[in-house]
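Architecture at a glance
For reference, the chains in residue letters:
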Amino acid sequence: MAEGPSSIVLRVPLWLAYQLSDLTATYAAGQLLYSSSTPQDHQLIAYWAPFLLLHLGCPDNITAYTLEDNKLWTRHLLSLVVQVLGAGYVLYKHIAGSGLFLMLAAILIFLVGVAKYAERTCALWLANFSSLQRSLKVLARERHQQHFYIEHHYWFNDQEDELILQRAHSLFHICKRGIVDSVIEVDSDSPTAEVDSEERKIIGDLRGDIKFMWSVMEMELSLMYDILYTKASVTHSWVGYCIRVISPLAIAASLVLFQLSIKDGYSRLDVGITYTLLGGALVLETKSLVGALGSSWALAFLCATRWDWLRHSALCSGRWHRLRSPLISLRRSWPGKMIMTGTSRRWSGTMGQHNMLRFRAGQLDPMSRQLGNLFKMLGLGEWWDRRYYSCTIVVPENVMERAQAFSERVSRYDKQHWRDLMLAAWEQRAGHKEMDRVEIIRALSNYLMFLLVNRPYMLPGLPQNWLYKQTCNNLDAICRRKQFASSPDDSFCTVLKKFFRPHRHWDLKPSVLEKELADHLLNFEDYGRSDAKIPRLIYAQRIAEIVIEANVDEVSLLLRLWTDFLAYAANRCSRESHARKLSSGGELTTIVWLILEHLRQSKE
């Protein structure tokens, strides 16, 4: 789930590969069908057709590139039917009646390809929110069994990350319930008191260690990513495990049959290509089998199975843990990081920043303004503004602690009291100065402004694009009228250096010009009486005057205010927006929302 700094470089070719996969397979199937090779060469080339189905089945770690792809599962179902019929026709036309060994080898590959492609389509269907809602209708006995490994985690677990991941699996149904805004239906005849009590105990233990709880939430969101964007929901089922066990055996049998078949008259190049296809498929399917058996999802499957003998032989004996331990070591080694993808289950740990005063103050620099106008002429003005005046920073430690403390207090008291108690809890923490709280306020306000400008779908309510642009125009007019002195003009090279600077680097401290502009806005009295022309500047000035005139600690009040805004934005954001953002690393608001979901569950 983590988003790396070079993710845009990787995501563009990945998007192109995902979009072109079906088209490429269709074109290749047509070329195989109407190839002008000799009839004997046709037999061998037709043998390649089922490998296209394996290709269309996709790797286990990706089925959907965006959340909208899951809604198009019927289109993929139609493509499945067309591709299977096309590959079957190619085999019937050129393989049927050929040598027995070659025909059996082709049939085995064809069956594996159909199973893998159908598995991908099924995964897209199961990732729909309606399918997720149906999956929540579980029996109390199954909910009880998913806590089995929590009770015995100390047997074979000496790694903190593994413990965090196991806890995330035991509470994952809360994340699923929250993301689809549904309830978990339980059989009325089954006892639920024991299950609910154990669940509350687990959440209560997490509340005692907020940092640990934060890590569990990150893991849960990574599991949610697996459900929405990978084959996890299908892979870790009886059907999925059967496919993974049979596939390598079938491909190996096909390799042996092809080796035994008569190859007289075949091109040596074509024979070499065929061996390469078979060897590559065998390696990939074996990797898929080992990865599935050693996945944490396999642990959840074993804990929920009704076959007690299987759970006892795999878990209680330690066999599964002995399989997973070397896999974890391999994934953490540098060769493993290159071979085994999807090793990071951590949140990206970043938050966007956009400061309106810094944005408009930057317009005073002639070179920046000229380049901005050039990009506007090219139709890329908004992209320039986002790239040059917005950034992504690593979440400061004090901001993380603020959110953690908020979660701790809201879990113990009623909502109407949590604000005051949050401030008291923060002030009791040793080692934090007044400037730390100011940095928190600045980081949170810049983050929510970043969401407003760059990701409005992550905020509740109607888009505020008109008000934002109107306020920017008002600030530009004030800067021109008052003729603020900008810093020394940036050269062209300096502007380019700022543009291509590391995206996760930005000093939160305001510049001298930003401070002058803020002081002017606070003391400026010539706004006029028309709120329609400068709606937000008048509103902001009135709020600032109320805060200053009130006999309160301004910093504490603003801290409560922006924490309020963060909690409100997290809770009121649409669940679909939370799910959509998981494909690109997740958001701070999504972590806060999930914590609140667990705290509400513990009270129900």
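Computed from a prediction, not measured in an experiment: that's the story for all the values here. (Residues numbered from 1 in each chain as written. Predicted model: local features only at pLDDT ≥ 70, side-chain atom pairs only at ≥ 80, totals over all residues. Heavy atoms only, no water.)

Some thoughts on the packing of aromatic side chains
Across all of its chains, the model carries 12 aromatic pairs by this definition. With centroids separated by 5.2 Å and ring planes inclined at 75°, the aromatic side chains of Trp238 and Phe301 adopt a geometry described as edge-to-face. Taken together, the residues Trp238 in helix α15 (residues 238-260) and Phe301 in helix α17 (residues 296-304) connect sequence positions 63 residues apart. Owing to a relative accessible area of 16%, Phe301 belongs among the buried residues under this scheme. Look at Trp562 and Phe565: their rings are 5.1 Å apart centre to centre, the planes differ by 85°, and that puts the pair in the edge-to-face class. Residue Trp562 and its partner Phe565 are both found in helix α31 (residues 554-572); the two are separated by three residues, about one turn of the helix. (Phe/Tyr/Trp six-rings, centres within 6.5 Å; stacked < 30°, edge-to-face > 60°. Helix = DSSP H or I, 4+ residues; strand = E, 2+ residues; numbered from the N terminus. Buried < 20%, exposed > 50% of the residue type's maximum accessible area, 1.4 Å probe, protein only.)

Concerning the packing of α15 against helix α16 (residues 268-293)
It is the contact of α15 with α16, at a shortest axis distance of 9 Å, that shows an interaxial angle of 160°. Here α15 is positioned roughly antiparallel relative to α16, judged by the angle of their axes. Here α15 runs over α16; the crossing is left-handed. Together, Tyr241, Arg244, Val245, Ser247, Pro248, Ile251, Ala252, Ser254, Leu255, Phe258 and Gln259 of α15 and Val271, Thr274, Tyr275, Leu278, Ala281, Leu282, Glu285, Thr286, Ser288, Leu289, Ala292 and Leu293 of α16 make up the contact between the two elements. (Axes fitted to C-alpha atoms, helices over the stretch in contact; angles between N-to-C directions. Parallel < 35°, antiparallel > 145°, perpendicular 65-115°, else oblique. Left-handed = near helix turned anticlockwise from the far one by under 90°. Contact = heavy atoms within 4.5 Å.)

Re helix α27 (residues 465-482)
Its 18 residues give α27 an end-to-end C-alpha distance of 26 Å, which sits within 8% of 26 Å, the value for a rise of 1.5 Å per residue. Those residues of α27 lying buried are Leu467, Tyr468, Thr471, Cys472, Asn474, Leu475, Asp476, Ile478 and Cys479. (Expected span 1.5 Å × (residues − 1).)

Quick look at the side chain of Arg437
Along the polypeptide, Arg437 turns up in helix α26 (residues 434-454). The class of Arg437 is buried, set by a relative accessible area of 7%. A distance of 3.2 Å separates the side chain of Arg437 from the side chain of Asp553, its partner in a polar contact. (Polar contact = N/O pair within 3.5 Å; in protein donor to acceptor, adjacent residues only side chain to side chain.)

Here we look at the pairing of strand β2 (residues 390-394)
With respect to burial, β2 is a largely interior element, four of its five residues being buried. In this sheet, β2 lies alongside strand β1 (residues 350-354) in antiparallel orientation, the contact comprising five bridges. Bridge pairing in β2 links Thr350 to Val394. (Pairing = 2+ DSSP bridges.)

Remarks on the nonpolar core
Formed by 63 residues in total, the largest nonpolar core has its most connected members in Met224 and Leu228. Sort the elements by how many residues they give to this core and helix α13 (residues 210-229) lands first, with 12 residues. Setting aside residues no more than four positions away along its own chain, Met224 makes contact with Leu132, Phe172, Cys175, Lys176, Ile179 and Leu582. Counting residues in each nonpolar core, the second largest holds 34 residues, with Phe51, Leu54, Val112 and Tyr266 among its members. (Core = buried A, V, L, I, M, F, W, Y, C linked by side-chain atoms within 4.5 Å.)

Looking at a nonpolar patch on the surface
On the surface, Leu100, Phe101, Leu104, Ile107, Leu111, Val256 and Leu260 cluster together to form a nonpolar patch covering roughly 620 Å² of accessible area. Looking at the nonpolar patch, the elements with two or more residues in it are α6 (100-126) and α15. Top element by residues in the nonpolar patch is α6. It accounts for five residues. Taking the relative accessible area as the measure of exposure, Phe101 reaches 36% and is therefore partly exposed. (Patch = residues over 30% accessible without salt bridge, like charges linked within 9 Å, V, L, I, M, F, W, Y side chains within 5 Å. Areas by Shrake-Rupley, 256 points an atom, 1.4 Å probe, with all protein chains shown as cover. Salt bridge = Lys/Arg side-chain N within 4 Å of Asp/Glu carboxyl O.)

Overview of helix α19 (residues 319-332)
Taking 1.5 Å as the rise per residue, α19 with 14 residues should run 20 Å; its terminal C-alpha atoms sit 21 Å apart, in good agreement. Inspection of α19 places Trp320, His321, Arg324, Leu327 and Ile328 among the buried residues, and these make up the whole buried set. All buried residues of α19 fall inside an arc of 125° around its axis, so they share one side. Those residues of α19 that are exposed and angled more than 90 degrees off the buried face are Arg319 and Arg322. (Arc of directions from axis to C-beta.)

Looking at the environment of Leu374
Secondary-structure assignment places Leu374 in helix α22 (residues 366-377). Of the residues examined, Leu374 reaches a relative accessible area of 43% and is grouped as partly exposed. Taking the C-alpha atoms as reference points, Leu374 and Trp384, 10 residues apart in sequence, are found 9.7 Å from one another.

Describing the pairing of β1
Side-chain direction in a regular strand flips from residue to residue, so the side chains alternate between the two faces of the sheet. With respect to burial, β1 is a largely interior element, five of its five residues being buried. Side chains Thr350, Gly352 and His354 project from β1 onto one buried face, and the interleaved Met351 and Gln353 project onto a second face that is buried too.

Description of unusual backbone geometry
The backbone of Cys58 shows a phi angle near 65°, a positive value even though the residue is not glycine. With respect to the secondary-structure elements, Cys58 resides in the loop between α3 (49-56) and α4 (67-71). A relative accessible area of 14% means that Cys58 is categorised as buried.

Concerning the pattern of salt bridges
The tally for this structure, following the rule as stated, stands at 16 salt bridges. A salt bridge links Arg580 to Glu68; the nearest nitrogen and oxygen atoms lie 3.0 Å apart. Of the two residues, Arg580 is situated in helix α32 (residues 575-581) and Glu68 in helix α4; the sequence distance between them amounts to 512 residues. Classification of Arg580 by relative accessible area gives partly exposed; the value is 25%. Residue Glu68 is classed as partly exposed on the basis of its relative accessible area, which comes to 32%. Note that Glu576 and Lys71 form a salt bridge whose closest N and O atoms lie 2.9 Å from each other. Residue Glu576 is found in helix α32, and its partner Lys71 is found in helix α4; the two are separated by 505 residues along the sequence. Of the residues examined, Glu576 reaches a relative accessible area of 27% and is grouped as partly exposed. Overlapping salt bridges bring together Asp60, Lys116, Glu119, Lys231, Arg244 and Glu285 as one network.

Focus: the environment of Ile174
Assignment of secondary structure puts Ile174 in helix α11 (residues 172-180). By relative accessible area, Ile174 is classed as buried at 0%. Taking C-alpha positions, Ile174 is 7.2 Å from Glu597, a pair spaced 423 residues apart along the chain. Each residue touching Ile174, except ones within four places of it in the same chain, is listed here: Glu199, Ile203, Glu597, His598 and Gln601.

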